[in-house]
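# Descriptive structure summary
Listed below, chain by chain, are the residues.
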Amino acid sequence: MKKIETIEDMDKYGKKIIEMGAQNAIVSYGKKGSMFFSKDGHSYISEEIHVNEVVNSVACRDAMISGFIGTLARTSDTLEAYKVAVAAATATAEVLDLPTREEIEKIIPKVVINQFS
C-alpha cells in the first residue's frame with residue numbers, strides 16, 4: 001500500500017482514479033482542503049477555509065459528496081459542484097448536527113478553487 005503524503009501524490013493518484021474510469025473524483029485532506037479531478041484531465045485544489053471552531057468532523061466527507069452530487073445534478077457544472085461540496089463540508093465541521101442551507105451558502109463565497117494542473 002502506498003502512503004499518500006504530498007499534494008503531488010494526491011494529484012498523481014487522483015488522476016489515476018480518473019484513468020480507471022471515474023468521471024469525477026474528490027480527494028479530501030481534512031481541514032487543509034481537497035483536490036478535485038475531472039474527466040478532462042485537469043485537477044483543481046481548494047484553499048484552506050478558516051472556520052470559527054471545528055466541532056464535528058464525522059459527516060464532513062458525506063456532506064462533501066452530497067453537495068457535489070446535488071449541485072452537479074442541478075447545474076451540470078463540475079466546478080460549481082466542487083465549490084458547493086467544499087462549502088458543505090466546511091459548514092458541517094462548524095455544527096454539531098447538519099448545517100442549514102443558509103449556513104452552507106454563507107461559506108460559498110469564501111471557497112477559493114485554483115487549477116492545479
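Please refer to the structure higher up on the page.
Below, the structure is looked at part by part. Quantities reported herein were computed from a predicted structural model and do not represent experimental measurements. One numbering rule holds for all chains: residues counted from 1, following each sequence as written. Restriction of local features to residues with pLDDT of at least 70 applies here, the model being predicted, together with a cutoff of 80 or more for giving and counting side-chain atom pairs; totals for whole chains, interfaces and linings are based on all residues. To get the side-chain values, take all heavy atoms of the structure and skip hydrogens and water.

### Regarding the packing of aromatic side chains
Put simply, the rule is: Think of it this way: a Phe, Tyr or Trp ring, Trp meaning its six-membered ring, pairs with another when their centres are within 6.5 Å, and the plane angle makes it stacked under 30 degrees, edge-to-face over 60, tilted otherwise. Numbering of helices and strands runs from the N terminus; a helix is a DSSP stretch of H or I covering at least four residues, while a strand is a stretch of E covering at least two. Type-normalised accessible area, obtained with a 1.4 Å probe on protein chains alone, sets the label of each residue: buried when under 20%, exposed when over 50%, and partly exposed for intermediate values.
One pass over the full model with this rule turns up three aromatic pairs. For the ring pair Phe36 and Phe68, a centre distance of 5.6 Å and an interplane angle of 45 degrees mean the geometry is tilted. Taken as a pair, Phe36 in strand E2 (residues 34–38) and Phe68 in helix H2 (residues 60–75) lie far apart in primary sequence, 32 residues in all. Taking the relative accessible area as the measure of exposure, Phe36 reaches 0% and is therefore buried. Taken together, the ring pairs in this structure connect Phe36, Tyr44, Phe68 and Tyr82 into an aromatic cluster.

### Considering the nonpolar core
Quick reminder of the rule: Buried Ala, Val, Leu, Ile, Met, Phe, Trp, Tyr and Cys residues form a nonpolar core when they are joined through side-chain atoms within 4.5 Å. It only takes one pair of heavy atoms within 4.5 Å for two residues to be counted as in contact.
One finds Phe68, Tyr82, Val86, Ala87, Ile107 and Val111 to be the most contacted residues of the largest nonpolar core, which totals 21 residues. Elements with a contribution of two residues or more to this core: H2, helix H3 (78–93) and helix H4 (101–107). Ranked by residue count, the leading element in this core is H3, at ten residues. In this view, Tyr82 contacts Ile26, Ser34, Met35, Phe36, Tyr44, Ile45, Ser46, Phe68 and Ile113; residues no more than four positions away in its chain are not counted. The next biggest cluster of nonpolar side chains, apart from the first, holds seven residues, and it includes Met10, Ile18, Met35 and Ile45.

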